[in-house]
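Inside the fold
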Amino acid sequence: MKGSGFVVLMTSAVIAIPSVARADMIWSVPASLATGQGNVTSTGLAMADDGTAMAVWTGSSGLGVARWDGHGWLPPVALAPGAISASIALSDNGACAVAAYEVGRQVVVNWWGSSGWSAPETLSAHSDFFTGPTAVVDADCSDAMVVWQHKVGTDNTVQASRWSGGAWLAAQELAATGAQIPLPSVAMSDDGQAVMAFASPGMAGPEVGARWWNGSAWSSAEQLSLGPSVGMAPAPSVAIADDASTAAAIWSVSLLGVSRVQAALHTATGWTAPQDLSTPGTEFGWPRVAVSGKGDSAVAIWGPSNVPVTTDVQTSVWNGVNWSDPTTVASSAASFPQVAISPDGRQAAAVWNLSTGTVASAAWGDDLWHSATTLSDLSFTSSAAKVASGSTAADLIVAWRTTSGTVQAVVPARIPDPPTAVQASPSDASVTPAWSAPRDDGGRPITSYVATARPGGASCDSDDLSCTIIGLTNGVGYTVTVTATNAVGTSAESAPSQPVTPFATPPAQPVIPSPSPTVPAAATTVTTVSG
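Here's what I pulled together on the structure shown here.

What counts and what doesn't
- Residues numbered from 1 in each chain as written.
- Predicted model: local features only at pLDDT ≥ 70, side-chain atom pairs only at ≥ 80, totals over all residues.
- Heavy atoms only, no water.
- Helix = DSSP H or I, 4+ residues; strand = E, 2+ residues; numbered from the N terminus.
- Contact = heavy atoms within 4.5 Å.
- Pairing = 2+ DSSP bridges.
- Axes fitted to C-alpha atoms, helices over the stretch in contact; angles between N-to-C directions.

What follows covers the environment of V500. Inspection of the secondary structure assignment puts V500 in the segment after β43 (479–485). In this structure, the C-alpha to C-alpha distance between V500 and Y478, residues 22 residues apart in sequence, is 5.4 Å. If we ignore the near neighbours within four places in the chain, the residues touching V500 are A424, P426, V431, V476, G477 and Y478.

Structure below.
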């Protein structure tokens with residue numbers, strides 16, 4: 001399942017993770033998905049196993065959505081004026097998507113499939129206040145779910161609606177009413193099982209609970225946290241394996257005046273006892289978690305709950321047996337981290353906000369975190385990253401909203417396509433090829449081209465679209481291929497040009513001046529005068 005809980009957007013950043021380690025990740029030039037959106041209030045991103053993705057955002061123009069087709073972003077579509085709090089879920093096969101959002105305090109959805117986007121459908125009742133919807137969908141579009149917070153007077157509860165048989169079912173209450181219950185978190189497996197985590201009311205404050213959907217019914221709520229959180233705890237996060245073998249829940253609690261991060265795992269025997277993950281004695285919160293496709297590994301991440309008392313972003317990796325000791329991946333007032341893990345569990349990626357107004361990312365592979373990379377620049381303020389994953393080495397996307405009202409996205413830069421339309425013109429012992437730029441530059445500017453003549457392999461290089469290959473043999477036929485290079489690497493060779501044959505320029509013939517024409521002498525007349 002791919003849903004908005006597994007994506008990264010900056011002031012809402014979004015990220016998806018490759019299946020091959022990319023410690024030296026080079027990012028594409030940011031693409032603008034939407035501009036002039038005013039105050040962008042929310043963003044979401046989801047990625048399918050086929051490498052396609054969906055991004056949603058809400059701004060002054062309402063709800064917008066754009067689709068990544070694996071090569072580029074398609075033009076955005078406006079779905080709902082006045083929408084806020086958007087999320088997106090995309091099936092593993094890329095055949096359907098669910099956009100869930102809030103309009104006029106009601107939860108509304110649009111379904112996307114082979115016929116495009118459906119008309120909006122309201123899931124919540126009109127008499128109360130509903131907010132924070134999160135959408136999830138299974139692998140083949142047969143099951144989907146939206147979970148949201150239901151405000152009842154001064155208290156909150158949790159509701160959910162399920163897509164089944166081609167229709168949305170009536171909303172169901174899933175948590176007891178309690179004061180200031182944070183937003184719930186939900187995840188769905190490939191076969192349509194789901195897990196939801198939420199903060200439930202306790203005698204001394206919110207306690208973290210969970211319920212499991214087995215495909216036909218919800219389990220009773222189970223308490224996961226060791227004890228109540230004194231005061232308001234940030235919303236919990238939950239993730240599930242593609243095969244539903246493992247789920248993980250993570251949350252923060254405030255015990256004895258100090259915030260700490262705890263996690264519990266759900267396996268065949270049920271939920272484990274919670275475990276402290278964060279460094280003891282420090283104030284951490286805003287935790288997120290991701291689980292691999294087979295459920296044999298997980299990555300948790302959390303940030304500071306009280307800047308500047310604590311400024312670090314920390315992570316812990318579960319190897320199928322134990323959680324690792326926390327590792328600090330960022331400091332300097334970093335906040336609101338998100339994480340994604342590859343389906344095979346071998347790599348992960350994290351993103352977070354920096355106090356400078358930028359977003360940074362780091363990759364995990366070979367059992368260590370690699371150096372962080374800044375993703376956005378200082379020309380605008382970006383924050384609130386989120387994360388999503390696909391299943392190939394190219395399936396990593398980060399998108400973000402900015403204070404300038406723009407939604408942007410980056411992907412890992414790729415080797416460019418080969419140049420096209422190669423032609424060659426022969427001359428004396430040389431050939432001058434010309435070509436067109438690649439259809440896809442891989443997300444980074446082309447820095448150089450190399451043209452090679454065959455037979456022989458003589459070449460020339462250029463930063464333009466032509467150069468001259470010298471030192472060839474007159475009377476021999478040659479074809480020319482061209483490669484393009486960007487910051488990632490060099491493309492495959494282009495299709496060869498038509499054969500051309502250098503030729504010797506005939507030597508210049510000496511110029512023999514023509515003889516001057518003989519002009520007959522003028523007749524001379526002699527006049528004799530006698531005296």
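Attention shifts here to the sheet that holds β43. Read across the open sheet, the 3 strands follow the order β41-β40-β43; overall the sheet is antiparallel. Two strands lie at the open edges of the sheet, namely β41 (459–462) and β43, each paired on one side alone. Direction aside, neighbouring strands of the sheet carry axes that sit 20° apart on average. In terms of strand pairing, strand β40 (residues 448–454) meets β41 through 4 bridges, oriented antiparallel. Following the sheet pairing, Y449 is matched in β41 by S462.

Here we come to the sheet that holds strand β38 (residues 420–427). On the basis of which strands lie adjacent, the open sheet formed by 3 strands has the order β38-β39-β42 and antiparallel pairing. Of all strands in the sheet, those bounded by a partner on one side alone are β38 and β42 (469–470). In this sheet, β42 lies alongside strand β39 (residues 430–436) in antiparallel orientation, the contact comprising 2 bridges. Paired with S430 across the strands is I470, a residue of β42.

Our focus in this paragraph is unusual backbone geometry. As a rule of thumb, non-glycine residues mostly have phi less than zero, and peptide bonds are mostly trans rather than cis. Following R454, the chain continues into P455 via a peptide bond in cis, with omega recorded as 10°. If you trace the backbone, P455 turns up in the loop between β40 and β41. With phi around 65°, A244 is a residue other than glycine that occupies positive phi space. Checked against the element boundaries, A244 lands in the loop between β22 (237–240) and β23 (247–255).

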